[in-house]
Structures are given as structure tokens and as C-alpha cells.
Amino acid sequence: MTQSLLEPNSYDDIVVGGGPAGLTAAIALADSGAITALVARRAPYGDNRTTALLGDSIDILDRLDVWRRCSGKAAALRAMRLVDDTGRLIRAPEIKFASQEIGMDAFGYNIENRTLLIALEERAAELSNLERFDDEADSVVPGDDEAVVRLRGGMTLSATLVVGADGRQSQCREAAGIKVSSRALHQSALTFNVKTTRSHDNVSTEFHTKEGPCVFVPLPGKRMSIVWVAAPKEAQRLMALSDDELSAAAEKQSQSIYGKMTVEPGRNLFPLAIEKPAAYAQHRIALVGEAAHVVPPIGAQGLNMGLRDAGDLADIVREAIESGADIGSDAVLARYGRSRGPDIASRTAAIDIANRTLLSGLLPVQVLRAAGMHLLGSVGPLRRFAMREGLSPFWRSI
């Protein structure tokens, strides 16, 4: 479809939602040749959360001419340590994964989300076939030949494909009639950043406690981001601590390996859950990001899966455009579902199993977990396979 054949408010696709996954999807779809509308409010990013971008994510952002704009503000992740800090009778041995063992300079890069969003916004503004609407969707109505998105400001847009990047309470998912299953994990995650007196040497350390993992991830300079998963009451207690008290608690949890810690302004606390929709696309609507999957922040998989959603969808749309196919057709949407389903299902299952085995106080489970960690640490081929698989599924294809 070309611009000359379109009505003024008609597009090939409309992306609803302007988070990292939504912006990446809009840029990737426009880059594929689709005339794209992005419906998202322009607003300063409100917190200091970070994301460890792994594997395919860097490749996708580099291909879209985004990565060069923010790479200088990211910290390389060259090694990861797993430390059993459960204090249980049977504990797993410490494991260290090094990127050089699989021929990589780094597993990925940790970056503040607001820095990534600035780079994405900058790239999106350059694309002539990407039009931004600083508004929110009031309604999304799929039809046989097109879907209609009505904006709160009164404007009406139409497209053959709508991309729902509108988060956990996705209006697009509801409009498509896609049901979602949700399971609360009875855990909460506290996120904040700290300054340290010792260099992190680009090593990320994950302490496994009885209530969940506590991960210290490098940021540029002597700074680190912390994701502290705990039981809800404990997470609320930590959230309520003064800066000095939380700094001391973080240093104690880190076993002082990074020296004295000073908490920076800005904390976030959110409950954890696993959510999975019954389908990833139907009725001219495709889902990306948290509209398509919600997982706890274990193994840094959430946004990385969202970026793969965007990349896969854009590749499928590009091939559909080149063949003259309807990009919102059942056949195209089914292909998207097949491309994303195994990746999302396998990642979600792996995260769920890892979390369950960590929380379990049953002795047989502790034995199995310790044995599994011992094998990962001592068997080279298995360890290297685990490292590569953690970055991107080896079998993944469209």
C-alpha cells in the first residue's frame, strides 16, 4: 500500500502505546516500509528503572539506527555471578558466567530506560512514514477489512493492522477478544540505583535469597541498579527505609563486595505476576510487550522479549508488503503467533521454574536445585549452552 492510495487518516498500521516496546515496534514497522501511526502521549519518563539489553535486543536496536544514540550511556555486562544466599541446609555452589567463554565481549548492556526512550524518540522523529499522535486511544474497533482507532481528542484513524503495545491492562487486547490468564506470585520487586565506592568491573551479581533474587547490575561509572525481589511485606519494609538505612541494607545484602553504597533518589515497588494471553494476535490486532506477556524481573527477559516481538512482527510485515499480502490478515497474524509463541512460552516457563525452586523449602527440591547449579558450574558445554540460550533461543525462527 502506498501513501497515494490512502485516505488522510488511514495507515498501514497503528501502534498504540509509546513505551520501549511500542516505540521499537513503530520504528521497525516504518523501517519495513509500512506507513505507520504511533498513538502515545509525549511525557517525561517518570522513573529511573533500567534494563539489561541482551542478545537480539542490541542487534535489533543497532539495525534500526537506535543503539549508537545511547550506547555511550550503557554499561557492558561481561560476567554474571550467582550466589546462593538462602542459608538453607543444602545450598547451590557459586557460579560465574563469563561472556568471553562464548566468544562475546559482553552478554549485553545495562541502560536506564529513560535514556533508551530518548534514543527511540529521536529515531522515530526522523522517519517520514511514521506519524506521531500525542494522544491516547479512546476505543479500538476491529473490522473485517480494517481496524478503527478513535482518539480521546476526537480524531479517528484506521489501518489494516493495529499493534497493541499498551501494557498489562491492554485496551487493544480486550478489543481483539483475547483473554489473559494471570497468576500472582506473592512477591514484590523493589528497584533503585546506588553509587558504590568499589568498581563493579562490569560484573553483575545475583544473590538468591529465600524470598527471591536480589540482583546488582552495573551502570556506567561506580553505579549499579538493584532489583530486590522479596515477600510483599519485606519489600514494603525496605521501601519505607530511609536512604541511609536502605544503603546499609543493600551493602549488607551485597556482602560488601562493591564497597559502601549510597542510594540515589527514586525507588519503585511493584507486585509480581505471570500473565499469558490466549493468543498473541487476532482480529487485525497484534500484541507486543507487556500486552503479550508479563514475567517477573528474573533473568532480564521482559523487555528483551518485547523487543523481539517488535522485530519479528516487522520482519513478517515486511515480507507481507513485498508479496502484496494484507498485513492484518488472519494468515499474517497466525504467522506472528507461531513466531512468538515458543519463545515466550519457553522463557516464561524457565523463569517460573527457577523462581519456584528458589522459593521451595522442600529438601528434595533443594537437592535438585543444588545439583543442577553444580552441573552448570562444572560442565563447560552445558554452561556455554545455558549462556547462549539466556541471550536468545537457539531455535528461534520466524
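Residues numbered from 1 in each chain as written. Predicted model: local features only at pLDDT ≥ 70, side-chain atom pairs only at ≥ 80, totals over all residues. Heavy atoms only, no water.

**Examining the overall build of the protein chain**
Logical step 1: Secondary structure summary: the protein chain contains ten helices and 18 strands in total.
Logical step 2: On C-alpha atoms alone, the protein chain measures out to a radius of gyration of 22 Å, which is about the 21 Å that the 2.2 N^0.38 rule sets for 398 residues.
Logical step 3: For the protein chain, the residues scored as buried account for 55% of the 398 residues in total.
Logical step 4: Residue pairs in contact within the protein chain that sit at least 24 positions apart in sequence constitute 74% of those at least 6 positions apart.
Logical step 5: Within the structure as shown, the protein chain displays about 17200 Å² of accessible surface, and the carbon and sulfur contribution to it stands at 53%.
Logical step 6: Of the side chains in the protein chain, 45 bear a positive and 49 a negative charge, and the two mean positions are spaced by 8 Å. (Helix = DSSP H or I, 4+ residues; strand = E, 2+ residues; numbered from the N terminus. Rg over C-alpha atoms; globule rule 2.2 N^0.38 Å. Buried < 20%, exposed > 50% of the residue type's maximum accessible area, 1.4 Å probe, protein only. Contact = heavy atoms within 4.5 Å. Areas by Shrake-Rupley, 256 points an atom, 1.4 Å probe, with all protein chains shown as cover. Lys, Arg positive; Asp, Glu negative; His and termini not counted. Charge placed at Lys NZ, Arg CZ, Asp CG, Glu CD.)

**A word on the sheet that holds strand β14 (residues 212–219)**
Logical step 1: Pairing within the open sheet is mixed, and its seven strands lie in the order β6-β5-β13-β14-β15-β12-β16. Strands at the two margins of the open sheet, each flanked by one partner only, are β6 (95–98) and β16 (261–277). Between one strand axis and the next, the sheet turns through 15 degrees on average, direction left out of account.
Logical step 2: Both strand β5 (residues 79–84) and strand β13 (residues 203–209) contribute to a ladder of six bridges, which runs parallel. (Pairing = 2+ DSSP bridges. Axes fitted to C-alpha atoms, helices over the stretch in contact; angles between N-to-C directions.)

**Examining empty space enclosed by the protein**
Logical step 1: Within this structure, the stated rule accounts for one cavity of 30 Å³ or more.
Logical step 2: Within this model, the largest cavity holds a volume of roughly 50 Å³.
Logical step 3: Every residue lining the largest cavity is listed: D84, T86, R88, I90, R91, A92, T357, S360, Q366 and R369.
Logical step 4: When its residues are assigned to classes, the lining of the largest cavity shows two nonpolar, four polar and four charged. (1 Å grid on protein atoms, 1.4 Å probe; cavity = no way out; pocket = protein on both sides within 12 Å on 5 of 7 lines; lining within 4 Å. Points joined across faces, edges and corners; volume = space filled by probe spheres on them. Nonpolar A, V, L, I, M, F, W, Y, C, P; charged D, E, K, R; others polar.)

**Here's the deal with the packing of aromatic side chains**
Logical step 1: Applying the stated rule across the entire model yields four aromatic pairs.
Logical step 2: Taking 6.1 Å as the distance between ring centres and 85 degrees as the angle between the ring planes, the aromatic pair formed by Y11 and F133 counts as edge-to-face. Here Y11 is found in strand β1 (residues 10–16), whereas its partner F133 is found in strand β8 (residues 130–133), with 122 residues between them in sequence.
Logical step 3: Judged by its relative accessible area of 4%, Y11 falls in the buried class. (Phe/Tyr/Trp six-rings, centres within 6.5 Å; stacked < 30°, edge-to-face > 60°.)

**Structural notes on the pattern of salt bridges**
Logical step 1: Considering all chains together, one arrives at 28 salt bridges under this definition.
Logical step 2: In this structure, R41 engages D135 in a salt bridge whose closest nitrogen and oxygen atoms are separated by 3.6 Å. Taken together, the residues R41 in the loop between β2 (36–39) and β3 (50–54) and D135 in the loop between β8 and β9 (137–142) connect sequence positions 94 residues apart.
Logical step 3: In this structure, R114 and E112 form a salt bridge, with 3.1 Å as the shortest nitrogen-oxygen distance. (Salt bridge = Lys/Arg side-chain N within 4 Å of Asp/Glu carboxyl O.)

**Observations regarding unusual backbone geometry**
Logical step 1: With a phi close to 60 degrees, D65 is a non-glycine residue in the positive phi region.
Logical step 2: When you line up the elements, D65 lands in the loop between α2 (56–63) and β4 (75–77).
Logical step 3: Residues other than glycine seldom take positive phi values, yet S256 does so here, at roughly 60 degrees.
Logical step 4: If you trace the backbone, S256 turns up in the loop between α6 (243–253) and β16.

**Overview of the nonpolar core**
Logical step 1: Counting residues in each nonpolar core, the largest one holds 76 residues, and the members touching the most others are I14 and V162.
Logical step 2: Counting residues per element, this core draws most heavily on helix α7 (residues 302–323), at nine residues.
Logical step 3: Contacts of V162, omitting those with residues within four sequence positions, involve I14, V16, V140, A147, V149, C172, R284, I285 and A286. (Core = buried A, V, L, I, M, F, W, Y, C linked by side-chain atoms within 4.5 Å.)

**Examining α6**
Helical periodicity: at 3.6 residues per turn, an α-helix aligns residues three or four positions apart in one direction.
Logical step 1: Those residues of α6 lying buried are L246, S247, A249, A250 and Q253. Along the long axis of α6, the arc covered by the buried residues comes to 165 degrees, so they all point the same way. Opposite the packed face of α6, turned more than 90 degrees from it, sit the exposed residues D244 and K252.
Logical step 2: Count one or two residues on from α6 and you reach Q255, which has phi positive near 60 degrees. (Arc of directions from axis to C-beta.)

**Remarks on the pairing of strand β11 (residues 156–164)**
Logical step 1: Within β11, eight of the nine residues are buried, which leaves it mostly tucked inside the rest of the structure.
Logical step 2: Bridge analysis of strand β10 (residues 147–151) against β11 gives four bridges, and the strand direction is antiparallel. Following the sheet pairing, R150 is matched in β11 by T156.
Logical step 3: Counting the residues in the hairpin turn of β10 and β11 gives four residues, including G154, whose phi is positive at 105 degrees.
Logical step 4: Strand direction decides the pairing type here: β11 and strand β18 (residues 285–287), joined by three bridges, are parallel. The residue bridging V163 from the neighbouring strand is A286, located in β18.

**Quick notes on the sheet that holds β4**
Logical step 1: The strand order across the open sheet built from three strands is β3-β7-β4, with neighbouring strands paired in antiparallel fashion. Across the chains shown, the open sheet's two edge strands, defined by having one partner strand only, are β3 and β4. Direction aside, the axes of adjacent strands within the sheet are offset by 30 degrees on average.
Logical step 2: In the sheet, β3 pairs with strand β7 (residues 108–112) via five bridges, with the strands oriented antiparallel. By the bridge assignment, T50 is partnered in β7 with E112.

**As for the packing of α7 against helix α8 (residues 330–359)**
Logical step 1: Where α7 meets α8, the axes come as close as 10 Å, and the angle between the chain directions of the two elements is 160 degrees. With respect to α8, the element α7 is oriented roughly antiparallel. Seen from above, α7 lies across α8 with right-handed handedness. For the pair formed by α7 and α8, the contact residues are M305, R308, D309, D312, L313, I316, E319 and A320 on the first element and V332, R335, Y336, S339, R340, D343, I344 and R347 on the second.
Logical step 2: A breakdown of the residues in the contact of α7 with α8 according to their chemical character gives seven nonpolar, one polar and eight charged. (Parallel < 35°, antiparallel > 145°, perpendicular 65-115°, else oblique. Left-handed = near helix turned anticlockwise from the far one by under 90°.)

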